[in-house]
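Examining the three-dimensional arrangement
Each chain, written out:
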Amino acid sequence: YIYIYIYIILKVRARVGANNKTLINNQSHLIEMRNTLMLSDLPGDLLEEILCRVPATSLKQLRSTCKQWNNLFNNGRFTRKHLDKAPKDFQNLMLSDSRVFSMSVSFHGIPSVEATCELSLIDSFSSFEDKFEISQVFHCDGLLLCTDADNTRIVVWNPCTGKTRWIEPNNRCYYYAFGSYLDKSYGNSYKILSYSGYGYENQELAIYEINSQSWRFLDVTRDCILERYTDYGVSLKGHTYWFASDEKEKNLSVFLVSFDYTTERFRRLRLPYQCPDYNTASLSVVREEKLAVLLQRENTSRTEIWVTSRIGETKVVSWSMVLAVDFPSELFILSGISFLVDAEKKFVVCCDNYFGEDEYDTKNLVHIVGENNKVREVNFGVSESSWPFLFNYVPSLIQIWEGVGGKRKRVE
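Here's what I pulled together on the structure shown here. Keep in mind the model is a prediction, meaning the values are calculated, not measured.

Now for the pattern of salt bridges. As enumerated under the stated definition, the model contains 17 salt bridges in all. Note that glutamate 118 and lysine 131 form a salt bridge whose closest N and O atoms lie 3.2 Å from each other. With glutamate 118 in strand E5 (residues 112-119) and lysine 131 in the loop between E5 and strand E6 (136-140), this pair connects stretches of sequence that are 13 residues apart. We note a salt bridge from arginine 302 to glutamate 304, for which the minimum N-O separation is 2.9 Å. A residue is classified by how much of its surface remains accessible, and arginine 302, at 38% relative accessible area, is partly exposed. Owing to a relative accessible area of 7%, glutamate 304 belongs among the buried residues under this scheme. Ionic contacts of the salt-bridge type, sharing partners, join the residues Glu48, Glu49, Arg53, Arg77, Lys81 and Lys85 into one network.

To continue, consider the sheet that holds strand E3 (residues 91-96). With antiparallel pairing, the 4 strands of this open sheet are ordered in space as E5-E4-E3-E27. Both outer strands of the open sheet, E5 and strand E27 (389-393), are each paired with one neighbouring strand and no more. Adjacent strand axes in the sheet meet at a mean angle of 35 degrees when their direction is disregarded. Both strand E4 (residues 99-106) and E5 contribute to a ladder of 7 bridges, which runs antiparallel. Each residue of the ladder has a partner; that of serine 104, found in E5, is glutamate 114.

Take histidine 139: it is sitting in strand E6. Histidine 139 has contacts with Leu144, Ser235, Glu288, Phe391, Asn392, Tyr393 and Val394, leaving out every residue within four places of it along the chain. Looking at histidine 139, its side chain comes within polar contact range of the main-chain nitrogen of glycine 142, at 3.1 Å. In terms of polar contacts, histidine 139 uses its side chain to reach the backbone carbonyl oxygen of asparagine 392, at 3.3 Å.

Buried residues dominate strand E20 (residues 290-297), accounting for 6 of its 8 residues. Here 8 bridges tie strand E19 (residues 278-286) to E20, and the two strands are oriented antiparallel to one another. Residue pairing for E20: valine 286 is matched across the bridge by lysine 290. Between E19 and E20, which follow one another and run antiparallel, lie 3 residues, and arginine 287 among them has a positive phi close to 50 degrees. Bridge count between E20 and strand E21 (residues 302-308): 5 bridges; the pairing is antiparallel. Bridging from a neighbouring strand, alanine 292 pairs with valine 307 of E21.

For the rest of this paragraph, the subject is the environment of alanine 86. Here alanine 86 lies in the loop between helix H5 (76-85) and E3. Residue classification places alanine 86 among the buried residues on the basis of a relative accessible area of 8%. Residues alanine 86 and serine 396, spaced 310 residues apart in sequence, show a C-alpha to C-alpha distance of 9.1 Å. Alanine 86 has contacts with Cys52, Arg53 and Val54, leaving out every residue within four places of it along the chain.

Okay, unusual backbone geometry next. Of note in the backbone geometry, aspartate 141 takes a positive phi value of approximately 55 degrees without being a glycine. Here aspartate 141 shows up in the loop between E6 and strand E7 (143-147). Look at aspartate 141 and you get buried, because its relative accessible area is 15%. Phi is positive for asparagine 373, which is not a glycine, with a value near 70 degrees. Tracing the backbone shows asparagine 373 in the loop between strand E25 (362-370) and strand E26 (375-382).

The rules behind each value
- Residues numbered from 1 in each chain as written.
- Predicted model: local features only at pLDDT ≥ 70, side-chain atom pairs only at ≥ 80, totals over all residues.
- Heavy atoms only, no water.
- Salt bridge = Lys/Arg side-chain N within 4 Å of Asp/Glu carboxyl O.
- Helix = DSSP H or I, 4+ residues; strand = E, 2+ residues; numbered from the N terminus.
- Buried < 20%, exposed > 50% of the residue type's maximum accessible area, 1.4 Å probe, protein only.
- Pairing = 2+ DSSP bridges.
- Axes fitted to C-alpha atoms, helices over the stretch in contact; angles between N-to-C directions.
- Contact = heavy atoms within 4.5 Å.
- Polar contact = N/O pair within 3.5 Å; in protein donor to acceptor, adjacent residues only side chain to side chain.

These figures come from the coordinates and say nothing about function on their own.
Following this line, the structure appears as structure tokens:
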């Protein structure tokens, strides 16, 4: 409530010159106001302006306060406005052993990382409310696209609101990406892109539109090959990005390719420099504004982290190197490894999976590496399934209607 009262004071004084005096008790965090103004007395537009500047995690606790607020939080126009204007609560999540965990990362003193809580996704098709076994996860605007290991189940999930939409998968494509686009009728909305795999040029591509609740196949030329440096692309401002190559242009080596969810077209983007081959290459997103790449050339331990200028501000994207480290030989950095970077504090956080002498001696490791090349290793225990995956997350109130959807359309 403290956010709301502060905004009320500022906005009301600006608009009506109110002389309400405010006292903030730092010990109890209570606000006492003289000539108290009830929220219900505020004009609707002013109330909306106030609430859309309150973080999503705080607003969700107010949903049951009154019917008017609950209706507002269910309004798509408001939730989109809130996503654009509210302070961003940047969080780090990790997918490990089919579960998503919230991570606390600290670079003060001795760097540390720990799992703070599990974000539970209940399988709505389970009679016993079992947890959904997540194989892959994809983030966009506070929504998570999750699939199972067999690619037979897909769900779009908002962990902040708890809302889900279960979608019938496209059984001719096995990999998925997720992004936003501008719909002429509905405003901002979302699509799922599915594709049949990596490593070859002629692939089937299909799109699922959240609004129409249907699959359709795309007739679009990509003229490049998606490289399997990672099973994941990353989504940022209406585009998904992957590593790719072109057999007709050997001199280009590896580059980035993006998919625009509005135009449904692919576009190429150069990496910071050309290299015949990379030992390691991986993608990440920085504060929902920039792309980051982790690149390690052949026959070297030197690993560089490059970050783009803000995506969407200019047509030409520029790169700047924010960190270069020499990973020790005992640190097994696999191509496509997930990572997070703090460009200001000059740290990179990445995941590793240790395989011992037998199948039971396997564990998930998280490493924090700074400019001094010192490695802080944190053991997250025995791993029973896939490689851990780190990613950025920003809670939002974006709405997705609950239920099951997904009608198939024949390929014309």
